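As a plain string of letters, each chain reads:
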Amino acid sequence: MANLRLMITLITVLVCLFSSFTKSSKDIRIDLPKSLNLTLLTDPSTISAASQDFGNITTVTPGGVICPSSSSDISRLLHYAANGKITFQVAARGQGHSLKGQASVSGGVVVNMTCLSDVVVSKDKKYADVAAGTLWVDVLKKTAEKGVSPVCWTDYLHISVGGTLSNGGIGGQVFRNGPLISNVLELDVISGKGEMLTCSPKLNSELFYGVLGGLGQFGIITRARIVLDHAPKKVIIHEKMKTMQIRLKS
Ligand SMILES: Cc1cc2nc3c(=O)[nH]c(=O)nc-3n(C[C@H](O)[C@H](O)[C@H](O)COP(=O)(O)OP(=O)(O)OC[C@H]3O[C@@H](n4cnc5c(N)ncnc54)[C@H](O)[C@@H]3O)c2cc1C
Ligand SMILES: *[C@@H]1O[C@H](CO)[C@@H](O)[C@H](O)[C@H]1NC(C)=O
Ligand SMILES: *[C@@H]1O[C@H](CO)[C@@H](O)[C@H](O)[C@H]1NC(C)=O
Ligand SMILES: *[C@@H]1O[C@H](CO)[C@@H](O)[C@H](O)[C@H]1NC(C)=O
């Protein structure tokens with residue numbers, strides 16, 4: 001009799017354990033306290049958009065999405081995710097041009113980096129401070145207005161600065177100037193604990209080199225200081241059999 005009771009107890013424990021492991025992300029509710037002053041978007045169309053990426057191979061369903069209005073929003077979110085009543089995972093999403101769900105997290109919170117977009121060219125035009133959600137095409141527009149541009153590019157320009165720097169960044173100018181991650185002077189990063197840190201080859205260098213090409217595993221980039229140089233007046237693109245001459249400025 002005692003043995004039977006023990007067995008029933010064991011089975012109950014096992015069933016509970018199993019069901020907690022197989023809990024689908026839909027069962028996980030993330031309640032952010034009011035004091036955080038963050039709006040967690042959970043409507044089906046936002047969740048569905050954040051669950052998919054360019055690869056169209058995987059569906060990774062997050063518990064919610066935030067559209068940050070400043071880097072401090074991301075800092076508060078990450079601090080809470082690590083220390084709050086419930087812990088959860090967070091993933092940054094740029095343009096979601098990943099192929100296998102890297103820009104989402106099952107049951108966690110996706111930070112829509114597109115909400116942070118800004119380009120400020122320095123007075124001496126030697127660099128631009130760019131918010132991580134900015135698309136390269138918008139970096140081009142803003143810098144070319146001032147006769148300067150980054151020294152290397154992705155070939156496809158409708159991807160985010162933060163997403164590209166988390167990968168590497170290659171394109172037509174890379175053979176001469178190195179990949180995009182080699183032409184960054186400084187980054188603002190929110191660490192996994194929610195600290196806002198500035199890093200460069202001299203300051204917090206381990207974080208700097210970890211984050212560049214780090215696939216979002218070492219923190220979330222909020223700002224990148226990108227090297228600029230004079231923009232050429234004219235470029236020639238050799239593409240397969242075509243040769244195009246593009247006049248950038250009259
Ligand atoms: C059609 C197409 C063309 C492409 N062309 C090029 C090209 O010419 N050159 C090139 O180098 N690559 C190219 N890529 C690859 C591209 O660089 C990567 O897919 C990159 O991830 C795209 O940036 P994204 O903004 O879409 O990033 P996402 O897919 O949104 O994110 C990529 C990864 O970075 C993380 N992440 C995003 N933002 C941040 C952030 N601010 N801080 C920390 N982590 C972050 C995400 O969590 C994820 O792990 C191309 C991809 C596609 C689909
Ligand atoms: C809450 O966030 C909004 C913008 O997201 C901001 O305008 C407002 O000042 C914030 N409130 C407090 C109390 O910080
Ligand atoms: C991210 O924000 C942009 C700009 O507000 C919006 O167009 C886009 O649909 C959002 N993406 C997701 C996945 O929420
Ligand atoms: C993505 O995949 C789904 C099926 O899994 C398909 O219905 C849809 O058309 C695909 N989208 C693209 C853009 O290929």
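Since the model is a prediction, treat every value here as computed from it, not as a measurement. (Residues numbered from 1 in each chain as written. Chains lettered and ligands numbered in written order. Predicted model: local features only at pLDDT ≥ 70, side-chain atom pairs only at ≥ 80, totals over all residues. Heavy atoms only, no water.)

## Quick word on the state of the cysteines
If you walk through the whole model with that rule in mind, you get one disulfide. Across the disulfide, C67 is cross-linked to C115 (sulfur-sulfur distance 2.1 Å). Disulfide C67-C115: torsion about the S-S bond near -115°, hence left-handed. Taken together, the positions of C67 in the loop between β1 (64-66) and α3 (71-83) and C115 in the loop between β3 (109-112) and β4 (119-121) put the pair 48 residues apart, joining distant regions of the chain. For C115, a relative accessible area of 27% gives the class partly exposed. (Disulfide = S-S within 2.5 Å. Helix = DSSP H or I, 4+ residues; strand = E, 2+ residues; numbered from the N terminus. Buried < 20%, exposed > 50% of the residue type's maximum accessible area, 1.4 Å probe, protein only.)

## So, empty space enclosed by the protein
Any empty space left between atoms is shown by rolling a water-sized probe over those atoms. On inspection of all chains with the given rule, the structure shows two cavities of 30 Å³ or more. Roughly 40 Å³ of volume is contained in the largest cavity. Taken together, A50, S51, Q52, D53, T58, V60, R93, G101, Q102, A103 and S104 form the lining of the largest cavity. Along the lines of polarity and charge, the residues of the lining of the largest cavity split into three nonpolar, six polar and two charged. Quantified by volume, the second largest cavity comes out at close to 30 Å³. Every residue lining the second largest cavity is listed: W136, P150, V151, C152, L180, N183, I226 and V227. (1 Å grid on protein atoms, 1.4 Å probe; cavity = no way out; pocket = protein on both sides within 12 Å on 5 of 7 lines; lining within 4 Å. Points joined across faces, edges and corners; volume = space filled by probe spheres on them. Nonpolar A, V, L, I, M, F, W, Y, C, P; charged D, E, K, R; others polar.)

## Focus on the pattern of salt bridges
Scanning all chains against the criterion turns up seven salt bridges. Two residues, R223 and D129, come together in a salt bridge whose shortest N-O distance is 2.6 Å. Within this pair, whereas R223 is found in strand β9 (residues 220-230), its partner D129 is found in strand β5 (residues 127-131), the two being separated by 94 residues in sequence. Residue R223 is classed as buried on the basis of its relative accessible area, which comes to 16%. Members of the salt-bridge network, linked through shared partners, are D129, E186, D188, R223 and R225. (Salt bridge = Lys/Arg side-chain N within 4 Å of Asp/Glu carboxyl O.)

## What to know about the nonpolar core
Counting residues in each nonpolar core, the largest one holds 50 residues, and the members touching the most others are L32, W136, L165 and L187. Once residues within four sequence positions are removed from consideration, L165 is found in contact with L180, I181, V184, L187, V211, L212, G213, I221, A224 and I226. (Core = buried A, V, L, I, M, F, W, Y, C linked by side-chain atoms within 4.5 Å. Contact = heavy atoms within 4.5 Å.)

## Examining the confidence of the model for the protein chain
Averaged over all residues, the pLDDT of the protein chain is 89; the fraction at 70 or higher stands at 84%. Contacts for the low-pLDDT stretch residues 19-25, under 50 throughout, to residues beyond four places or in other chains number three contacts. (pLDDT = per-residue confidence, 0-100.)

## Quick look at helix α2 (residues 44-51)
If you check which residues of α2 are buried, you get I47, A50 and S51. Buried residues of α2 fall within an arc of 105° about the axis and therefore sit on the same side. Residues of α2 that are buried sit in contact with β1, β2 (90-93) and β3. (Arc of directions from axis to C-beta.)

## Some details on the environment of P150
Tracing the sequence through the fold places P150 in strand β6 (residues 148-150). The exposure class of P150 is buried, given its relative accessible area of 5%. As a C-alpha pair, P150 and V184 span 34 residues in sequence and 9.8 Å in three-dimensional space. When near neighbours in sequence (up to four residues on either side) are disregarded, P150 contacts W136, V139, T143, I226, V227 and L228.

## A few points about the pairing of β9
In terms of residue burial, β9 counts as a mostly covered element, since eight of its eleven residues are buried. Pairing geometry for β5 and β9, over five bridges, is antiparallel. In the sheet register, V130 faces β9, and the bridge partner there is A224. Note that β6 and β9 share three bridges and pair antiparallel. Paired with S149 across the two strands is D229, which belongs to β9. Here six bridges tie strand β7 (residues 184-190) to β9, and the two strands are oriented antiparallel to one another. Counted as the bridge partner of L187 is A224 from β9. (Pairing = 2+ DSSP bridges.)

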